[in-house]
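# Residue-level structural notes
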Amino acid sequence: MKNAILLHGKPGKEEYYNPEIPSGSNHHWFPWLQKQLLTKDVVAQTPEVPNAWKPYYPTWQKEFERFEITPETMLVGHSCGGGFIVRWLSEHPETRVDKVVLVAPSLGIDWVEKDFFEFTIDPNLASRTKGLVIFGSDNDKPAIADAIKIFRSSIKDVVS
């Protein structure tokens with residue numbers, strides 16, 4: 001069965017605790033994308049990572065791995081969620097997935113705490129997918145633009 005995991009990014013602490021702002025999994029374009037996938041019979045899950053404003057890799061990993069990840073699983077990550085997906089796939093070289101879409105992916109370049117992204121990018125990661133696409137925009141923060149450059153230069157066969 002085709003499925004998708006849509007993973008949000010790292011909000012600021014104030015955003016995370018503001019009851020007027022939707023949770024990460026219900027913010028920005030996530031609800032729209034989830035609905036679009038559901039109408040195509042793709043079960044789309046949007047995990048909500050606890051305390052996402054203060055990323056701790058084991059917590060993100062636990063939430064992510066609650067869902068089935070198969071060769072028919074599409075992975076979509078925004079910001080920190082995109083960087084997480086690259087780390088997770090790099091650390092699980094036996095895993096094959098469908099498409100991987102990274103939207104303004106982060107490597108925490110401008111973060112004070114850097115351990116969330118202490119890993120080696122698998123240069124062959126895209127070969128274990130049916131396509132890896134990275135989206136960025138001309139108004140991304142410099143740290144995001146730098147992360148995109150690192151991903152594009154480190155991973156073979158990325159679609160831009």
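Scope of this entry: the structure provided in the associated data block. Not measured: the values here are computed from a predicted model. (Residues numbered from 1 in each chain as written. Predicted model: local features only at pLDDT ≥ 70, side-chain atom pairs only at ≥ 80, totals over all residues. Heavy atoms only, no water.)

## Regarding the pattern of salt bridges
- All chains considered together, the criterion is met by five salt bridges.
- Here Glu63 makes a salt bridge to Arg66, at a shortest N to O gap of 3.0 Å.
- The exposure class of Arg66 is exposed, given its relative accessible area of 53%.
- Note that Asp122 is salt-bridged to Arg128, the shortest N-O span being 3.0 Å. Per residue, the accessibility class of Asp122 equals that of Arg128, and both read buried. (Salt bridge = Lys/Arg side-chain N within 4 Å of Asp/Glu carboxyl O. Buried < 20%, exposed > 50% of the residue type's maximum accessible area, 1.4 Å probe, protein only.)

## Observations regarding unusual backbone geometry
- Backbone geometry at Asn51 places phi at a positive 50°, although glycine is not the residue there.
- Tracing the sequence through the fold places Asn51 in the loop between strand 2 (43–45) and helix 3 (57–64).
- Look at Asn51 and you get partly exposed, because its relative accessible area is 37%. (Helix = DSSP H or I, 4+ residues; strand = E, 2+ residues; numbered from the N terminus.)

## A few points about the sheet that holds strand 1 (residues 3–7)
- Reading across from one edge, 2-1-3-4-5 is the order of the five strands in this open sheet, with parallel pairing throughout. Both outer strands of the open sheet, strand 2 and strand 5 (132–135), are each paired with one neighbouring strand and no more. Strand-to-strand twist in this sheet, taken as the mean axis angle between neighbours without regard to direction, amounts to 15°.
- Bridging between strand 3 (residues 73–78) and strand 4 (residues 100–103) involves four bridges; their strand directions are parallel. For His78, the partnering residue across the bridge sits in strand 4 and is Val103.
- Of the strands in this sheet, strand 1, strand 3 and strand 4 touch helix 4 (residues 80–91), which is tilted by about 135° from strand 3. (Pairing = 2+ DSSP bridges. Axes fitted to C-alpha atoms, helices over the stretch in contact; angles between N-to-C directions. Contact = heavy atoms within 4.5 Å.)

## Considerations on the packing of aromatic side chains
- Counted according to the given criterion, the structure contains 13 aromatic pairs.
- With centroids separated by 5.3 Å and ring planes inclined at 35°, the aromatic side chains of Tyr57 and Phe84 adopt a geometry described as tilted. Placement of Tyr57 in helix 3 and of Phe84 in helix 4 is noted, with a sequence separation of 27 residues between them. Take Tyr57 and Phe84: they sit in the same class, and that class is buried.
- Measuring from ring centre to ring centre gives 4.8 Å for Phe116 and Phe117, while their planes differ by 85°; the resulting arrangement is edge-to-face. (Phe/Tyr/Trp six-rings, centres within 6.5 Å; stacked < 30°, edge-to-face > 60°.)

## What to know about the environment of Glu113
- With respect to the helices, strands and loops of the structure, Glu113 is situated in the loop between strand 4 and strand 5.
- Put simply, Glu113 and Arg152 are 39 residues apart on the chain and 24 Å apart in space, counted from C-alpha to C-alpha.

## Some remarks on the side chain of Ser90
- For Ser90, the position within the fold is in helix 4.
- Residue classification places Ser90 among the buried positions, given a relative accessible area of 13%.
- There is a polar contact of 2.8 Å between the side chain of Ser90 and the backbone oxygen of Val86.
- Setting aside residues up to four positions removed in sequence, Ser90 forms contacts with Phe119, Thr120, Ile121, Asp122, Leu125 and Arg128. (Polar contact = N/O pair within 3.5 Å; in protein donor to acceptor, adjacent residues only side chain to side chain.)

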